[in-house]
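For reference, the chains in residue letters:
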Amino acid sequence: MSGEQLGEAALVERAGWLAALVGSLAAGVVEEHWNGADLARLASGADRSGARLPSQGWMALRRLGWAVQVPEGVYVPDRVVRIAQEQAGRVLRSAWWRAQITAALLATWPADPTRRTEAEWDALRTALPEGEAVASGVLLARTRQIAAFHAHHGRLPVDVTECESAPGAGGQVVLAAADQQLATLERCPDDPFRYAVLTLRLPVRPAPASRADWHPVRIRFRLPPHLPATAALCPPTLRIRQGRLLIDLPYALAAPKPQRAGHRTAVAFDRGLNTLLTGGTLRLTDETHPRVVTDGRPVYFRAAGVLAKADRLRIHGEHIGARIDQLRTLITSRQERGMRPDPHLVAKLAALQAERERVARRRTRLNAALARAAARFMVDHAIAAGASVIYLENLRDMEARGRGRTLNTRLSQTVRGALTAHTRHRAATRGIAVVIVPPRGTSKYCPRCLTAFRHHKAPNDPATGWAWATCPNQACGYSTGRDIAAWQRIGARGLTHQHQTCLDRAARVFVIRAVVEALDRASAVRQQTRDRTKSGPTNNRPVPGKRRRVPAPPETRAPTRARPGGKRPAGRTPTHPTHRSRRCSRQQGPNAIGTPARHQPDGAGLGAGFHRHAHATPARQRAGTSHPPPEHSRTPGIIQETQAG
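Residues numbered from 1 in each chain as written. Predicted model: local features only at pLDDT ≥ 70, side-chain atom pairs only at ≥ 80, totals over all residues. Heavy atoms only, no water.

Whenever I open this one, the environment of Val-292 confuses me. Can you help?
Looking at the element boundaries, Val-292 is found in strand β10 (residues 292–294). Exposure remark for Val-292: the relative accessible area of 2% places this residue in the buried category. Separated by 233 residues in the primary sequence, Val-292 and Val-525 have C-alpha atoms spaced 5.1 Å apart. When neighbours within four sequence positions are excluded, Val-292 is seen to be in contact with Leu-282, Arg-283, Leu-284, Ala-492, Leu-495, Thr-496, Ala-524, Val-525 and Arg-526. (Helix = DSSP H or I, 4+ residues; strand = E, 2+ residues; numbered from the N terminus. Buried < 20%, exposed > 50% of the residue type's maximum accessible area, 1.4 Å probe, protein only. Contact = heavy atoms within 4.5 Å.)

Here it is as structure tokens:
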């Protein structure tokens, strides 16, 4: 460490050399052992002598004798070799799950892979490890992959290594596999709450020839503002993206352990297209035979504007892709005829490819922001309600088929996996469990009497549709929105099947795999009524929402156009049914979270951005809850992305 100050460009260049060196070494190991026998050997958990393999990837590869081939004339420290082996071990271990699914599909390959019979599905589930836990969408995707290989080669593949080429190790550096001889991380002594210092040995050239070509560099970077001061910093992961050095910084924080069962209060949410989340609170009574009751106050998270923006970006990306394909066809045709490609077409192709990557990055950031906002919404409502569990429906098997081009695309582009992951992560910091519930029948049956619903467009429109649901049972007569009925069924099913909850070790999330009919029939939801027992004096105070804030203006004998006096204004500012004013740019409904039917993206003009187009019901603190109110000033997280500087 010479004391020389490096600029950002020099730091990114040296970190890029390290990432390229680690990636090439790890890719060599993966490509050498990309075969079924080696994948099975690593997944067996035992070496040649029968001893148990360590959990660390680099140590397991060294126990098996899978060495890294360092190029001649290049000096690589042993800690860097360890990082490459760790990344290669993770890639090879993750491939074993795909190898098992491919092997089960090949062993039970049907006569018509596009249409399996019930017996063929049962045979496939039996051949799979934990067959009921594998999503049908994964099986269908692997079936299409094998069918494409069969159509191209005229035979079935031997295993997954023939269907897929050897994967890369990724352009990252996992410092968790190294020790303090290569990297050290500590909080900055001058400002330990805002900055941290990473000391790392980096190469001074792309191909370091000796130990002298590895110099230690001190990287001072800003910590995320939501990171608690009591959190313990863990070794980070380095990545190079768009000419910047990014640091994925994990941290450890003490948190209560989520419980698998024993819940009395829960919140449940149903996911939709127009209204992203609809949910509410349910409770189990303290009776001998507990019943599920709800206060009947739904909460909503509407993101029509954000989804509209994502849809516009998707259409824009599709148009760019079509133009790229056309340009590639023109360039290829000229090359096949022995002509030189047109420089103008080549330049236009490069520009369109860069534009498509930019649009893809914008879509990725928008989906990530939407998932984080929705997860925070659900966890905040769980904290405010004093709930110990959040029930979500399992949409892994949802496929968009036969519903039209537009609706199929919207269904396939819905944020699902990231939303569950962010919710589980945020809930874990408060000791709240996240349980995935089977979705079958949650929108079909009435939550009060479990009678099959009649679905139509609206309460006053009996035309066929799916927005509104009415119970045909005259003794019940429950009429509500389809999503409102769905979240009640999801929560009731979760509370009554608590003892059926298990841990999915692959996704690290609690799931309810199957529905017991007897328990499902006993999961009727009752409306929670207020206790109106006369046990004290009547409260004569006015309702807070209608309390008079200012005295009524005096009555005057002004002209007709002037505002009359003697009356107290109540409610919202009245709006004209057709005309809009600058003060009230949209219709004012009974709720403050209403989204206009016709979306007008004016957030960019007003400088509001994302939050202009996401409307959510504010979290209400329930009476008798012991949990603290939700924290709106901090967003805890395990892995965050910061820019070094």
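Moving on from the model shown.
What's the story with the packing of helix α9 (residues 343–385) against helix α11 (residues 417–428) in this structure? I'm lost.
A packed helix pair is summarised by two numbers, namely the angle formed by the two axes and the spacing between the axes. As a packed pair, α9 and α11 sit with axes 8 Å apart at the nearest point and diverge in direction by 45°. As judged from the angle between their axes, α9 and α11 are oblique. Read as a crossing pair, α9 and α11 show a hand that is right-handed. Of the residues in α11, those touching α9 at Ala-371, Arg-372, Ala-374, Ala-375, Arg-376, Met-378, Val-379 and Asp-380 are Ala-418, Leu-419, His-422, Thr-423, Arg-426 and Ala-427. Of the residues belonging to the contact of α9 with α11, the class tally is eight nonpolar, two polar and four charged. (Axes fitted to C-alpha atoms, helices over the stretch in contact; angles between N-to-C directions. Parallel < 35°, antiparallel > 145°, perpendicular 65-115°, else oblique. Left-handed = near helix turned anticlockwise from the far one by under 90°. Nonpolar A, V, L, I, M, F, W, Y, C, P; charged D, E, K, R; others polar.)

Honestly, the pairing of strand β6 (residues 237–241) in this entry has me stumped. Any pointers?
Successive residues of a regular strand alternate their side chains across the two faces of the sheet. Pairing between strand β1 (residues 172–174) and β6: three bridges, direction antiparallel. Across the sheet, Val-173 pairs through a bridge with Leu-238, a residue of β6. Judged from the five bridges that link them, β6 and strand β7 (residues 244–252) form a sheet pairing that is antiparallel. If you follow Arg-239 over to β7, its bridge partner there is Leu-246. As consecutive antiparallel partners, β6 and β7 are separated by two residues, and within that stretch Gln-242 has a phi angle of approximately 55°, a positive value. (Pairing = 2+ DSSP bridges.)

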